[in-house]
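Observations on the three-dimensional arrangement
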Amino acid sequence: MKENKEITAREIWKEYREGEDYFTQIKHHETIKENERFFSGDQWHGVNAPDLTKPVINVFHPAVTYYTAQIVSDDVGIDIEPFCETDEKMRECQILSDEVDRIIERTKAKSKSREIVRDAAIDKAGIFYFYFDPNEGKDGEIEIEVFDNDKFIVANPFEHDLQKQKYILLVKRMRVCEARERAKAFGLNESECAAILPDSDYRYAGENQNIDRGLCTVLMRFWKENGRVCFCESAQEVMLRKKVVTKQRLYPVAYYLWEKTKDSFYGASAIAPYIPNQRFINKMWAMAGAFCERMAFPTRFYDSTKLRDKLSNRAGQAIGIAGAPRDAVWVDSPAGNFSEQVFLLVDKTQEYIKNSMGITDAGLGNMKIDNASAIIALAEQSRAPLEMQKLGFHQFWEDTVNIIIGLIAEFEGIRTVTEKTNDEVGNEIKTTAEFDFSLIDTDELSLNINVGDATYWSEITAIQTADALFSKGIITDAVTYLESLPKGYVHNLSGIIKQLKEDKQKQEEALLLQQEGNIANIANEAPEGVNFA
């Protein structure tokens, strides 16, 4: 896509308003706000019933927590390989892989991925935004920010491929003073900074019209020219940051969609279809509670013409009538019977919601399991309803690593890296060297990201597997057994392995000397003329 025309702040604002008009058509902001309220437990919002007790039986909170635990239970392993497997290329890939691991660990991307799954289940999608911060650390660092789905606009909402979009907009709400400081840092003069004014765009989840004052909308626009990503920054009619051309081929955004929908880029959430069911459960509990409050205790009727003082019985409330109730001063009316079908219907509704959302008793641990095979079978069965979401999560991480590699190649330059090698006896040796990341050609790399289930590949499971193989005689060598253990579980592991190898070598040498001595003895005792050479 080519877009060589210099775009203005007014045109960017127009694109933003067009995106907001589309959000209004599909009720994007309203849906996200409602989903967030129901997830957090504010499920009686807007109901004007001051005398009614409003119980909340929140089905969605444990459901989303279950989704997050199931999907993010996997760990991410990165394997970067070159197309041409030379020693130098393999070394470059190993250094690059270590650097990607360092960035993911430093930015806590794996922890943030839990928030991504949570946002996708509630707000339709979770978003990572990547950028290079030159003020972070000694030489600048790559940063990762979690972005809200209602602050992300694409050019064509009917195109599902993010990288094929003509442009994308990232919407930020910030105080006017912060926006002016940002504009001043980008070189704008005082009059241009003063033109940044607050706006009244109170449509985002969590933003309160009566509290947040002096906020303005700052737009970051990304587009591609000649296959390279460009970006600029504006606030209404003020251009904060003029066009910057990067070396990136991918938009710096990783987008995790919970469920794809026809004719809409923004997809669907996990909980929105079941909100009417949640309302029904709450209403039934509220009506059941109101019945119990009014009818659980006997009600006393009395003749108000015969008793001057009003009778009071707080539980059932005495009711005065003009006339004789059954020709007596008062009479107690028994409470009405409450139908147990109400609670049965509520329980069934909750059960149907969980089944429809793919939440099984096996996944929740509510089943009796007799053996290890049953554990594995039930674990596989509980993951089946979320298989499509897991595949999407794997693709999300692949996009994440691709973007990080592009940013490393453009911004990190020459850095001091640590390389790990092994000496002749297997000891790990760490050396430091200067490495120029700008020389890496990302087009020559083959990216392979392995996502393994933590249930099977955890360190405890690895130890148990190694113990079983060693006890059954499948692994007979002590060195092989120790090398298969996860790092950190055996103190001085390299020293133990080194000592075992030395002992094994001494035993082999002693056995060889013994065999040579036996052959020499046999040769001395053999009859003359017999040759053992």
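Whatever comes next refers back to the structure up there.
Just so it is clear, the model here is predicted, and its values are computed rather than measured.

This brings us to the overall build of the chain. The number of helices and strands found in the chain is 16 helices and 17 strands. Counting all 533 residues of the chain, 37% fall into the buried class. A fraction of 65% describes how many contacts in the chain between residues 6 or more apart in sequence connect residues 24 or more apart.

Our focus in this paragraph is the packing of aromatic side chains. In total, this model carries 25 aromatic pairs according to the counting rule given. Between Phe152 and Phe265 the ring centres are 6.3 Å apart and the planes differ by 40°, which places this aromatic pair in the tilted class. Of this pair, Phe152 sits in strand S4 (residues 152-154) while Phe265 sits in strand S11 (residues 264-268), placing them 113 residues apart in sequence. Among the residues examined, Phe152 registers a relative accessible area of 0% and is labelled buried. Arranged with centres 5.8 Å apart and planes meeting at 75°, the rings of Tyr256 and Phe393 form a pair that is edge-to-face. Pair noted here: Tyr256 is in strand S9 (residues 253-257) and Phe393 is in helix H12 (residues 387-412), with a separation of 137 residues, a long-range link. Taken together through their ring pairs, the aromatic side chains of Tyr22, Phe23, Phe152, Phe158, Tyr255, Phe265 and Tyr266 make up a single cluster.

Two elements in contact, helix H4 (residues 87-106) and H12, have axes whose closest approach is 10 Å; the angle formed by their N-to-C orientations is 105°. Compared by their axis directions, H4 and H12 come out roughly perpendicular. Contacts between H4 and H12 pair Leu96, Glu99, Val100, Arg102, Ile103 and Ile104 from the former with Trp397, Val401, Ile404, Ile405, Ile408 and Glu412 from the latter. Grouping the amino acids of the contact of H4 with H12 by side-chain chemistry returns nine nonpolar, no polar and three charged.

Pairing of side chains with opposite charge becomes possible as their charged atoms draw close. A full pass over the atoms with the stated rule returns 18 salt bridges. Residues Glu351 and Lys348 are paired through a salt bridge, measuring 3.9 Å at the closest nitrogen-oxygen approach. Linking Glu351 with Lys348, this pair stays in helix H9 (residues 341-356), spanning three residues, or about one helical turn. Using a relative accessible area of 35% as the deciding quantity, one classes Glu351 as partly exposed.

The antiparallel open sheet is built from five strands, whose spatial order is S4-S5-S6-S7-S8. Each of the sheet's edge strands pairs with one partner strand only, and the pair in question is S4 and strand S8 (238-245). In this sheet, adjacent strand axes meet at a mean angle of 20° when their direction is disregarded. Bridge count between strand S7 (residues 228-235) and S8: five bridges; the pairing is antiparallel. Its bridge partner lying in S8, Cys230 is registered against Val245.

This part covers the sheet that holds strand S3 (residues 141-147). A sheet is described by the order of its strands in space; here three strands give the open sequence S3-S2-S9, paired in antiparallel fashion. Each edge of the open sheet carries a strand with a single partner, namely S3 and S9. On average, each strand axis in the sheet is tilted by 20° relative to the strand beside it, whichever way the strands run. Seen against the sheet, helix H5 (residues 109-123) touches strand S2 (125-133), S3 and S9 and runs at an angle of roughly 140° to S2.

If you check the backbone angles, Lys108 has positive phi at about 55° while not being a glycine. Relative to the elements of secondary structure, Lys108 occurs in the loop between H4 and H5. Although it is not a glycine, Asn226 sits at a positive phi angle of roughly 55°. Classification of Asn226 as exposed rests on a relative accessible area of 55%.

Our next topic: the pairing of S9. Of all five residues that make up S9, four are buried, and the element is covered over most of its length. Examined bridge by bridge, S2 and S9 share five bridges and lie antiparallel to one another. Each residue of the ladder has a partner; that of Phe128, found in S9, is Ala254.

Here the focus is helix H6 (residues 176-185). Owing to its 3.6 residues per turn, the α-helix brings residues three or four apart onto one side. Within the sequence span of H6, burial applies to Val176, Ala179 and Ala183. Axial view of H6: buried residues confined to an arc of 60°, hence all on one face. Across H6 from its buried face, at more than 90 degrees, point the exposed residues Glu181, Lys184 and Ala185. In this structure, the buried residues of H6 make contact with strand S5 (167-175), helix H7 (190-194), strand S6 (215-225) and S8. Gly187, located one to two residues past H6, shows a positive phi value of around 105°.

Before going further, it helps to examine the packing of helix H2 (residues 28-40) against helix H8 (residues 275-295). Remark: H2 packs on H8, axes separated minimally by 12 Å, with the N-to-C direction vectors making an angle of 40°. Judged by the angle between their axes, H2 and H8 are oblique. When the axes of H2 and H8 are compared, the crossing they make is left-handed. Note on element contacts: H8 touches H2 through Ile275, Gln278 and Arg279, opposite Glu34, Asn35 and Phe38. When the residues that make up the contact of H2 with H8 are grouped by side-chain class, the tally is two nonpolar, two polar and two charged.

Within the secondary structure, Lys172 is located in strand S5. Despite its burial, Lys172 remains without a salt bridge, the nearest opposite charge being carried by Glu145 at 4.1 Å. Here Lys172 is in contact with Glu145, Phe147, Cys216, Thr217, Val218 and Met220, once residues within four sequence places are set aside.

What counts, and where the lines are drawn
- Residues numbered from 1 in each chain as written.
- Predicted model: local features only at pLDDT ≥ 70, side-chain atom pairs only at ≥ 80, totals over all residues.
- Heavy atoms only, no water.
- Helix = DSSP H or I, 4+ residues; strand = E, 2+ residues; numbered from the N terminus.
- Buried < 20%, exposed > 50% of the residue type's maximum accessible area, 1.4 Å probe, protein only.
- Contact = heavy atoms within 4.5 Å.
- Phe/Tyr/Trp six-rings, centres within 6.5 Å; stacked < 30°, edge-to-face > 60°.
- Axes fitted to C-alpha atoms, helices over the stretch in contact; angles between N-to-C directions.
- Parallel < 35°, antiparallel > 145°, perpendicular 65-115°, else oblique.
- Nonpolar A, V, L, I, M, F, W, Y, C, P; charged D, E, K, R; others polar.
- Salt bridge = Lys/Arg side-chain N within 4 Å of Asp/Glu carboxyl O.
- Pairing = 2+ DSSP bridges.
- Arc of directions from axis to C-beta.
- Left-handed = near helix turned anticlockwise from the far one by under 90°.
- Lys, Arg positive; Asp, Glu negative; His and termini not counted.

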